[in-house]
Amino acid sequence: SPLVSRLALLCRPRYHFCGLHGENYERTPYRNHQSGAEQARHTTRFVALARVGNKEKKKWMYAFNITPMKNLERGELVSQPPGVTDIPFTQQDIEIQGEKKQQFFYDMNAKMEEEDGKKKKRKNENNDGGGGKKAPSGPCWFCLSSAEVEKHLIISVGEHSYLAMAKGALTADHVMILPIGHHQCSVNLPEEVSEEIDRFKSALRKMLKKHGKVPVYFERNYKTQHLQIQVVPVIKEDANLVTKQFLDEASSRDIDLNEIPSHVPVGQLAVQGQPYFLVDTPNKETLFGRVNPGFPIQFGRDVLCGPDLLDMPDRVDWRNCQLSKEEETDQVKEFRKKFSPFDFTME
């Protein structure tokens, strides 16, 4: 079942029991991380049990002791038993026949019956924490039609998204890609918005290449109501350091962040309403982690400001990097000059 496979991939259970096929089977434990590329995690044991009282006397009962994860030392929890295998799920296992590209985990457009026989839409269809378009809960600083938008920071405007200088930018070429309409995060964006954002990413990559730099894209879907894709360039010689710096810093702070396989779309990992942090590295690796309360707001800036990348420890907090409106305007004009040969919105 693709749905059950997705659930197992997201939940990472220590034990996964199945009893629907009337067979007894226990596979070799599988790991819940990419060996050598991600922080070690606990393993999963899959056990299928036969039907109770079956005539063939196949095993239908399973006895075991399990200690709560919170009571285990990390070394004991992530210990890998002999013969452990890689995670068995592939893209084919988790795809649902006829599923639209932007859907994930379950059908967001499905309807359900009320007790009185009347139909109504799912409760969350108009309150989409997973990235759907909805009205902001208050004034939004990033909706292009909002009076709160600082329009002097805007560099380029497309049909569905726009490019703007970051407030309190780390460097003079630190910018943001944002949807024109109100979308909370990149998961479940309308296809046309997502495609145009990718065009901005491609254009920026080409522009930065001319200047010997490569872009790091990151998104924090936590304590924000409008999607902001931060674009922070680093010199091309440091491109191979980005993934390691993010993973090492996350591990040292016990933050859930891992490289995800290229065949697994982010939308299949981001559960509706669950905050997350996402990085696209210069080497086109994707790092993803679900965010818990207390997640450091400046985590992305903190990593990039480290000694092995930008080496700007005094600029982690954006409030320490604010410029006057006149300085911001001049910086935008300078960036627009560099970007204009690559700006597809001018075609």
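Residues numbered from 1 in each chain as written. Predicted model: local features only at pLDDT ≥ 70, side-chain atom pairs only at ≥ 80, totals over all residues. Heavy atoms only, no water.

Q: Teacher, can you tell me more about the overall build of the protein chain here?
A: Tallying secondary structure elements over the protein chain gives seven helices and 14 strands in all. Taken over 347 residues, the protein chain has a buried fraction of 44%. Expressed as a percentage of contacts within the protein chain between residues at least 6 apart in sequence, the contacts between residues at least 24 apart total 67%. With an accessible surface of roughly 19,300 Å², the protein chain has 50% of that area assigned to carbon and sulfur atoms. (Helix = DSSP H or I, 4+ residues; strand = E, 2+ residues; numbered from the N terminus. Buried < 20%, exposed > 50% of the residue type's maximum accessible area, 1.4 Å probe, protein only. Contact = heavy atoms within 4.5 Å. Areas by Shrake-Rupley, 256 points an atom, 1.4 Å probe, with all protein chains shown as cover.)

Q: When you look at the sheet that holds strand β9 (residues 175-179) in this model, what are you seeing that I'm missing?
A: Picture the strands of a sheet paired through backbone hydrogen bonds; they go either parallel or antiparallel. Taken together, eight strands build an open sheet; the order of strands is β7-β8-β9-β11-β10-β13-β14-β12 and the sheet is antiparallel. Taken across any chain shown, the strands that pair with only one partner, and hence form the sheet edges, are β7 (154-157) and β12 (258-259). Note: strand β10 (residues 213-221) against strand β13 (residues 276-280), five bridges, orientation antiparallel. By the bridge assignment for β13, Phe218 is matched with Val279. (Pairing = 2+ DSSP bridges.)

Q: For this particular structure, what's the right way to read the packing of aromatic side chains?
A: Describing an aromatic ring pair means giving the distance of the ring centres and the angle of the ring planes. Taken as a whole and assessed by the stated rule, the structure comprises 17 aromatic pairs. Ring centres 5.9 Å apart and planes at 5 degrees place the aromatic pair Tyr15 and Phe17 in the stacked group. Residue class for Tyr15 comes out partly exposed when judged on its relative accessible area of 22%. Judged by its relative accessible area of 38%, Phe17 falls in the partly exposed class. Through a chain of ring-to-ring contacts, the aromatic side chains of Phe218, Tyr222, Phe246, Phe277, Phe295 and Phe299 assemble into a single cluster. Across from the ring centre of Tyr217, 5.2 Å away, lies the NZ or CZ of Lys201, which sits over that ring. (Phe/Tyr/Trp six-rings, centres within 6.5 Å; stacked < 30°, edge-to-face > 60°. Lys NZ or Arg CZ within 6 Å of the ring centre and 35° of its normal.)

Q: In this structure, what is going on with the nonpolar core? I would like to understand it.
A: In globular proteins that are soluble, nonpolar side chains generally tend to be buried together. Grouped together as the largest cluster of nonpolar side chains are 26 residues, with contacts concentrated most on Phe246, Leu257, Phe277, Phe299 and Leu304. The set of elements that each furnish at least two residues to this core consists of β10, β11 (229-235), α5 (242-252), β13 and α6 (299-304). If you tally residues by element for this core, the top one is α5, at four residues. (Core = buried A, V, L, I, M, F, W, Y, C linked by side-chain atoms within 4.5 Å.)

Q: What is the right way to look at the pattern of salt bridges in this model?
A: Pairing of side chains with opposite charge becomes possible as their charged atoms draw close. Tallied over the entire structure, the rule returns twelve salt bridges. Asp256 is the partner of Arg41 in a salt bridge, and the nearest nitrogen-oxygen pair spans 2.4 Å. Of this pair, Arg41 sits in the loop between β3 (30-31) and β4 (43-48) while Asp256 is found in the loop between α5 and β12, placing the two residues 215 residues apart along the sequence. Note that Asp173 is salt-bridged to Lys213, the shortest N-O span being 2.8 Å. Remark: Lys213 occurs in strand β10 and Asp173 occurs in the loop between β8 (161-165) and β9; sequence separation between them is 40 residues. Lys213 sits in the partly exposed class, given a relative accessible area of 26%. Taken together, the shared-partner salt bridges in this structure form one network comprising Glu150, Lys167 and Glu328. (Salt bridge = Lys/Arg side-chain N within 4 Å of Asp/Glu carboxyl O.)

Q: In this structure, what is going on with unusual backbone geometry? I would like to understand it.
A: The phi dihedral of Arg12 falls on the positive side, at around 50 degrees, and the residue is not glycine. Note on placement: Arg12 falls in the loop between α1 (2-11) and β1 (15-18). One non-glycine residue, Asp254, adopts positive backbone phi at about 55 degrees. Within the fold, Asp254 resides in the loop between α5 and β12.

Q: I would appreciate a short explanation of the layout of surface pockets in the present structure.
A: Empty space left among the atoms is revealed by rolling a probe the size of a water molecule over them. By volume, the second largest pocket amounts to about 830 Å³. In this structure, the second largest pocket is lined by 36 residues; those nearest its centre are Phe142, Lys167, Met176, Gln228 and Gln230. Of all the elements, β10 adds the most residues to the lining of the second largest pocket, at four residues. Counted by class, the lining of the second largest pocket contains 19 nonpolar, eleven polar and six charged residues. (1 Å grid on protein atoms, 1.4 Å probe; cavity = no way out; pocket = protein on both sides within 12 Å on 5 of 7 lines; lining within 4 Å. Points joined across faces, edges and corners; volume = space filled by probe spheres on them. Nonpolar A, V, L, I, M, F, W, Y, C, P; charged D, E, K, R; others polar.)

Q: When you look at the pairing of β10 in this model, what are you seeing that I'm missing?
A: In the case of a regular strand, side chains alternate between the two sheet surfaces. In terms of burial, β10 is largely enclosed, as seven of its nine residues are buried. Pairing geometry for β10 and β11, over six bridges, is antiparallel. Bridge pairing links Tyr217 to Val231 in β11.

Q: What is the right way to read a nonpolar patch on the surface from this model?
A: A cluster of nonpolar side chains, Phe17, Phe64 and Ile66, forms an exposed patch at the surface whose accessible area comes to about 260 Å². Checked against the element boundaries, Phe64 lands in the loop between β4 and α2 (74-77). A residue is classified by how much of its surface remains accessible, and Phe64, at 34% relative accessible area, is partly exposed. (Patch = residues over 30% accessible without salt bridge, like charges linked within 9 Å, V, L, I, M, F, W, Y side chains within 5 Å.)

Q: Mind showing me how you'd approach the side chain of Thr286 here?
A: Position of Thr286 among the secondary structure elements: in strand β14 (residues 286-290). Polar contacts involving the side chain of Thr286 include one to the side chain of Asp280, which spans 3.1 Å. Apart from residues lying up to four places away in sequence, Thr286 is in contact with Asn258, Glu259, Ile260, Val266, Leu278, Val279 and Asp280. (Polar contact = N/O pair within 3.5 Å; in protein donor to acceptor, adjacent residues only side chain to side chain.)

Q: Where do I start with the state of the cysteines in this structure?
A: Note on terminology: disulfide describes a covalent bond linking the sulfur atoms of two cysteines. Using the criterion set out here, one finds zero disulfides in the structure. With no disulfide of its own, Cys143 lies 3.6 Å from the sulfur of Cys140, the closest cysteine sulfur. (Disulfide = S-S within 2.5 Å.)

None of this, on its own, says anything about what the molecule does.
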